[in-house]
Amino acid sequence: MIVIGPDVLIIHHLALRNDPRWSENEEALRRLRGSVKGVTIYALLDLVGSVSRHVGERSGRELYLSYLKSEEHRILFPPHPDSWEEHIENMLRYLGRGLSYRDALEAMVLDNNPEVQLYLTWRTGQADKLPVKTRTPRELIQQKTPT
Amino acid sequence: MADTVLLQVRVSSALVKRIDELCNEGLFRNRSEAISDAIRMLLARYSRTSPEARATALYLSGRLTRTGNPEDLIFTPSPARVEVDDEE
């Protein structure tokens, strides 16, 4: 399963047509239509925050519910920690690789969902620190067959 | 006595054993009082939550009806510049 990063979703949902990545971003999402994609709960909340900030709270909430109900998306959650001690111990493993806290949360969810094959994001700088293969939308559409 | 309804429910024997222990400790007078208290807590928990939180609970339990594609929801942001992380 391909997991879509929050940056790809933000460019799409906020229709950032002036962004130089817009057309490739749209083409990649178009190619993935009809297949089940993953979105981590942290990416979804990041997206909801952006939509709430730039459009309004109601739109952010509407988008959240629509992702939960989507037939084409699976929202990936982390294991529920029993305690803050456990959470911090988990996080330190990822932060130790040089990830930001936000990326560490995302990496933890990717790690805990073995069906994840690919992470789609424009932010390739962290690729070697993430537990799965990373591709940009540009790289995805250059592939003959999407993974 | 307040208006009450006889509610027949199946509960595991292990849970009933724990409830009986709480009754024996004097926390509740009987099973009915303990279970009524649990129901009150359950209702209070869900009455405080938003539709989004309730939908999340349904999603996690696999009982949320799936329909539609959120990618069809496109918004028009206010004129302020939207920042998206650049390629690194």
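Remember, predicted model here, so these are calculated numbers, not experimental data. (Residues numbered from 1 in each chain as written. Chains lettered and ligands numbered in written order. Predicted model: local features only at pLDDT ≥ 70, side-chain atom pairs only at ≥ 80, totals over all residues.)

Engineer: Explain helix 4 (residues 57–69) of chain A to me, and be specific about the residues and the numbers.
Structural biologist: Relative to the 18 Å expected for 13 residues at 1.5 Å per residue, helix 4 of chain A spans 19 Å between its end C-alpha atoms, a close match to the ideal helical length. Of all the positions in helix 4 of chain A, only Gly60, Leu63, Tyr64, Tyr67 and Leu68 of chain A are classed as buried. Each buried residue of helix 4 of chain A lies within a common arc of 135° when the element is viewed along its axis, so the set occupies one face. Against helix 1 (6–13), strand 2 (37–40), helix 3 (41–54) and strand 3 (73–76) of chain A together with helix 3 (51–60) of chain B lie the buried residues of helix 4 of chain A. (Helix = DSSP H or I, 4+ residues; strand = E, 2+ residues; numbered from the N terminus. Expected span 1.5 Å × (residues − 1). Buried ≥ 20, exposed ≤ 12 C-beta atoms within 10 Å, placed from the backbone. Arc of directions from axis to C-beta. Contact = placed C-beta atoms within 7 Å.)

Engineer: Can you lay out the sheet that holds strand 1 (residues 2–4) of chain A for me, pointing to particular residues and giving the numbers?
Structural biologist: Residues and elements named next belong to chain A. As summarised here, the arrangement of the 5 strands in space is 3-2-1-4-5, forming an open sheet in which the pairing is parallel. With partners counted over all chains shown, the strands left at the sheet margins are strand 3 and strand 5 (133–135), one partner each. When the angles between neighbouring strand axes are averaged without regard to direction, this sheet yields 35°. Sheet topology note: the strand 2/strand 3 ladder contains 4 bridges and is parallel. When the bridges of strand 3 are listed, Gly38 appears paired with Arg74. Its contacts with the sheet put helix 3 on strand 2 and strand 3, and the angle it makes with strand 2 is roughly 75°. (Pairing = 2+ DSSP bridges. Axes fitted to C-alpha atoms, helices over the stretch in contact; angles between N-to-C directions.)

Engineer: Tell me what's going on with the pairing of strand 2 of chain A, and back it up with residues and numbers.
Structural biologist: Sheet topology places strand 1 of chain A next to strand 2 of chain A; 2 bridges connect them, and they run parallel. Looking across to strand 2 of chain A, one finds that Val3 of chain A is bridged to Gly38 of chain A.

Engineer: How would you sum up the packing of helix 5 (residues 84–95) of chain A against helix 6 (residues 101–111) of chain A? Please name residues and give values.
Structural biologist: Residue and element names in this part refer to chain A. Packing of helix 5 against helix 6 leaves a shortest axis separation of 9 Å and a crossing angle of 105°. The angle between helix 5 and helix 6 places the two elements in the roughly perpendicular class. For the pair helix 5 and helix 6, contact is made by Asn90, Met91, Tyr94 and Leu95 and by Tyr101, Ala104, Ala107 and Met108, respectively. For the contact of helix 5 with helix 6, the residue count by class is 7 nonpolar, 1 polar and no charged. (Parallel < 35°, antiparallel > 145°, perpendicular 65-115°, else oblique. Nonpolar A, V, L, I, M, F, W, Y, C, P; charged D, E, K, R; others polar.)

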